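# Summary of the model geometry
Here's the letter readout for the chains.
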Amino acid sequence: MNEFWDRISAVSPDPPVWIVQVAALVALVIVVLPQTWRIARNVVTIAHEGAHLFVALITGRQLMGLRLHSDTSGVAISKGKPTGVGVIAMTFAGYVGPSLLGLGAALVLGTQHAVAVLWIGVISIALMLLMIRNIYGLLSLVVVGAALFVVSWWGTGEQQVAAAYFITFFLLIAGPRPVLELQKSRSAGRARDSDADQLARLTFLPGIVWVGLFLLVTVGSLALGAWRILVPVQ
C-alpha cells in the first residue's frame, strides 16, 4: 500500500518544453483529423458519461448503470427526482465534463504531480467498470484503463510525464468539438433529446442557450488550462 501511495504522490520534474509542445500538437492533430477523431471520441464519451455519473452521485441520485456504444454515444442511468437542481446539474455535467477534467489535470500538473493525473484516470475507469452494462462499453473501459495502468506502473518517468501532458491537452482541446457537433445535429433537426434539449425542458432557458453555456465552459477551460500549463514552461 505504501508503494502504491508513493507512486501516486511522486513528484515529477518539469518536462522539457519540447515534450509539452509535442504533446499539445499530437492532441490537436488527433482532435482535428476525422480519421483519428472517430476513435479518440470514445475517450471523450467515457469522460462525458463519467461526469454524468459523478454529479448524479454527489447530488444524491441512485446510480443504475452505464452504456457506451460503438457510435461514440453513451447513456448514464440514474434514478431520482425527475426535476430540480440535482438533475439539472447532472444533465449539464456531460458536455463540460471532459474539459473540466482536463482543467483539473492541468492544475495537478502545475503541482508537479504528473503521475497522479494517470492514476486518477486509472481509478476513475475502475469505478466506472462497476457500472458498465454492455460489452462494447466494457471493452472500451478495459482498453483505456489498461493503457493508463501500463504507463502508470511500468512507464519511465519521462513516458509518464509525456502521457499525462498528452491526456490533459487532449481533454482540453477535445472538449469544445462535441458541443459544436451537437449544435450541428440540432440545426439539422436531429438530437431532439440531447442534453441541451433536456435542460431546456427542465428550465426556462432554450436549448441554444445551454449549448452556448457548454461552449463557454469548454473554451474557457481550454484557455485557462493551456495558460496554466504553458506559462510556467516558457
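Residues numbered from 1 in each chain as written. Predicted model: local features only at pLDDT ≥ 70, side-chain atom pairs only at ≥ 80, totals over all residues. Heavy atoms only, no water.

## What to know about the overall build of the protein
Filter applied, for reference: Only DSSP runs of H or I reaching four residues or more are called helices, and only runs of E reaching two or more are called strands; each is numbered from the N terminus. This radius of gyration counts C-alpha atoms alone. The globule rule is 2.2 Å times how many residues there are, raised to the power 0.38. A contact between two residues is defined here by any heavy atoms of the two lying within 4.5 Å. Note on areas: Shrake-Rupley with a 1.4 Å probe; residue coverage comes only from the protein chains shown. Counted as positive: Lys and Arg. Counted as negative: Asp and Glu. His and the chain ends are not counted at all. To locate a charge, take NZ of a lysine, CZ of an arginine, CG of an aspartate or CD of a glutamate.
The helix and strand tally for the protein stands at 10 helices and 2 strands. Secondary structure elements of the protein occur, N-terminal to C-terminal, as α-α-α-β-β-α-α-α-α-α-α-α. Computed over the C-alpha atoms, the radius of gyration of the protein is 18 Å, within 12% of the 17 Å expected from 2.2 N^0.38 for a compact globule of 234 residues. Long-range contacts, defined here as pairs at least 24 residues apart, represent 73% of the contacts in the protein between residues at least 6 apart. Accessible area of the protein: about 12,000 Å², with a carbon and sulfur share of 71%. Each charge sign in the protein was given a centre, from 15 positive and 10 negative side chains, and these centres are 11 Å apart.

## As for the pattern of salt bridges
Inclusion rule: The term salt bridge refers to a pairing of a side-chain nitrogen on Lys or Arg with a carboxyl oxygen on Asp or Glu at a separation within 4 Å. Burial classification: accessible surface area is computed with a 1.4 Å probe over protein chains only, and a residue below 20% of its type maximum counts as buried, one above 50% as exposed, and the rest as partly exposed.
Tallied over the entire structure, the rule returns 4 salt bridges. Between Arg41 and Glu181 there is a salt bridge, with the nearest N and O atoms lying 2.9 Å from each other. Of this pair, Arg41 sits in helix H3 (residues 34-58) while Glu181 sits in helix H8 (residues 176-187), placing them 140 residues apart in sequence. Given the relative accessible area of 16%, Arg41 is considered buried. One salt-bridge network, held together by shared partners, links Arg41, Arg177 and Glu181.

## Re the side chain of Ser221
Its location among the elements puts Ser221 in helix H10 (residues 207-233). For Ser221, the residues in contact, after removing those within four places along its chain, are Ser99, Leu100, Leu103, Leu172 and Ala226.

## Regarding the packing of H3 against helix H6 (residues 135-154)
The cut-off we apply is this: Between N-to-C directions, angles span 0 to 180 degrees; the directions come from axes that are lines fitted to C-alpha atoms, helices contributing only their stretch in contact. Should an angle fall under 35 degrees it is taken as roughly parallel, and over 145 as roughly antiparallel, whereas 65 to 115 is taken as roughly perpendicular and any remaining angle as oblique. Only Asp, Glu, Lys and Arg are considered charged, only Ala, Val, Leu, Ile, Met, Phe, Trp, Tyr, Cys and Pro nonpolar, and every remaining residue, Gly among them, polar.
Orientation of H3 relative to H6, taken along the N-to-C sense of each, is 100 degrees, at an axis distance of 11 Å. In terms of orientation, H3 and H6 fall into the roughly perpendicular class. Here H3 contributes Asn42, Val43 and Ile46 to the contact with H6, which in turn contributes Tyr136, Ser140, Leu141 and Val144. Class assignment for the residues of the contact of H3 with H6 results in 5 nonpolar, 2 polar and no charged.

## Quick look at the pairing of strand E2 (residues 74-79)
This is how it is decided: Here, strands pair whenever DSSP counts at least two bridges between them.
Relative to E2, strand E1 (residues 62-68) is paired through 6 bridges, and the arrangement is antiparallel. Looking at the pairing, Leu66 lines up with Ala76 of E2. The turn joining E1 and E2, which pair antiparallel and follow one another in sequence, is formed by 5 residues; a positive phi near 70 degrees is taken by Thr72.

## Structural notes on H3
Stated precisely, the cut-off is as follows: Multiplying one less than the number of residues by 1.5 Å gives the expected span of a helix. Note that bend, as reported per residue, equals the angle between axes fitted to the 7 residues terminating at that residue and the 7 residues originating from it.
If you check H3, its first and last C-alpha atoms are 35 Å apart, about what 25 residues at 1.5 Å a residue would give, namely 36 Å. At Ala40, H3 shows its largest bend, some 35 degrees. Of the residues trailing H3, Gly60 is marked for its positive phi of about 90 degrees.

These results come straight from atomic positions and should not be treated as a statement about function.
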